[in-house]
Amino acid sequence: GATVWQPEQQTLAFRPIEDAPIPSESVTRRRLQLKQLAARFSATMLGWKADKSDREKLRLLPTPVHRYGGGTKAQTQDGAVFLFVKGTDPECALLLESTMHKDSHRWEYAFVRRTSGALEARYRNKVIWQLGTAFGGGERDPTRAHFTVSAPLPAELR
């Protein structure tokens, strides 16, 4: 019943994709648009070292792990969550949405941290998002956006 995590700041920020096509009325065509748009993004794990010598380009999984939206007339017409991974470990997520803006829908994006390491994301090779490491003494602070909870493994799993 206790609150475990309650961040003080909202860190999810959607931004328009300036050169994106107008979202299609067709669900099938929007699915294709989502995949094509996702392919324009890239992400790199800058790691934990100050000199960034442990940086590694992340691999985009081509199929979204989740699709959402409310249909043609909804505020969010369509959306998808894509993952950038190291091996099979998701390091950051890319959210793409067809969202109502004024009187028509447009494509927007947001990134979400899934690691404590520093991250960088690019759109068509231009840096659009960066985060430093989530460490620095605050990784167990439940008011921060990235919060680590850990517990020892049970003896039978060690």
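Everything in this summary refers to the structure shown in the same document. (Residues numbered from 1 in each chain as written. Predicted model: local features only at pLDDT ≥ 70, side-chain atom pairs only at ≥ 80, totals over all residues. Heavy atoms only, no water.)

**A few points about the overall build of the protein chain**
- On a plain count of helices and strands, the protein chain comes out with one helix and 10 strands.
- Along the protein chain, from the amino end to the carboxyl end, the secondary structure elements read β-α-β-β-β-β-β-β-β-β-β.
- Viewed in the frame of its principal axes, the protein chain has a C-alpha envelope of about 50 × 45 × 35 Å.
- In the protein chain, once contacts between residues fewer than 6 apart in sequence are set aside, the share between residues at least 24 apart is 48%.
- For the protein chain, the accessible area works out to roughly 9800 Å², and carbon and sulfur atoms hold 52% of it.
- Between the centroid of the 24 positive side chains of the protein chain and the centroid of its 17 negative side chains there is a distance of 5 Å. (Helix = DSSP H or I, 4+ residues; strand = E, 2+ residues; numbered from the N terminus. Contact = heavy atoms within 4.5 Å. Areas by Shrake-Rupley, 256 points an atom, 1.4 Å probe, with all protein chains shown as cover. Lys, Arg positive; Asp, Glu negative; His and termini not counted. Charge placed at Lys NZ, Arg CZ, Asp CG, Glu CD.)

**Looking at helix H1 (residues 27-38)**
- Between the first and last C-alpha of H1 there are 16 Å, a value that for 12 residues agrees with the 16 Å anticipated at 1.5 Å per step.
- Contacts from the buried residues of H1 go to strand E2 (41-47), strand E4 (59-60), strand E5 (66-68), strand E6 (76-86), strand E7 (89-101) and strand E8 (104-113).
- The N-terminus of H1 is capped by Ser-26, whose side-chain oxygen sits 3.3 Å from the backbone nitrogen of Thr-28. (Expected span 1.5 Å × (residues − 1). Polar contact = N/O pair within 3.5 Å; in protein donor to acceptor, adjacent residues only side chain to side chain.)

**A look at the side chain of Thr-115**
- Inspection of the secondary structure assignment puts Thr-115 in the loop between E8 and strand E9 (118-123).
- Given a relative accessible area of 7%, Thr-115 falls into the buried group.
- Within the structure, the side chain of Thr-115 is placed 3.2 Å from the side chain of Glu-91, a separation counted as a polar contact. (Buried < 20%, exposed > 50% of the residue type's maximum accessible area, 1.4 Å probe, protein only.)

**Concerning the side chain of Glu-120**
- Note on placement: Glu-120 falls in strand E9.
- Residue Glu-120 is classed as buried on the basis of its relative accessible area, which comes to 6%.
- A polar contact of 3.1 Å, which involves the side chain of Glu-120, links it to the side chain of Arg-122.
- Among residues more than four places away in sequence, those in contact with Glu-120 are Ser-42, Ala-43, Thr-44, Leu-46, Arg-55, Val-127, Trp-129 and Gln-130.

**What to know about unusual backbone geometry**
- Of note, the phi angle at Arg-124 is positive, near 50°, even though the residue is not glycine.
- With respect to the helices, strands and loops of the structure, Arg-124 is situated in the loop between E9 and strand E10 (126-131).
- Positive phi outside glycine occurs at Asn-125, with the angle close to 70°.
- Relative to the elements of secondary structure, Asn-125 occurs in the loop between E9 and E10.

**A look at the packing of aromatic side chains**
- Scanning the entire structure with this criterion turns up six aromatic pairs.
- For the pair Tyr-109 and Phe-111, a centre-to-centre distance of 6.2 Å together with 70° between the ring planes defines the contact as edge-to-face. An identical accessibility class is assigned to Tyr-109 and Phe-111; each is buried.
- Connected via pairs of aromatic rings, a cluster forms that spans Phe-41, Phe-84, Tyr-109, Phe-111, Tyr-123 and Trp-129. (Phe/Tyr/Trp six-rings, centres within 6.5 Å; stacked < 30°, edge-to-face > 60°.)

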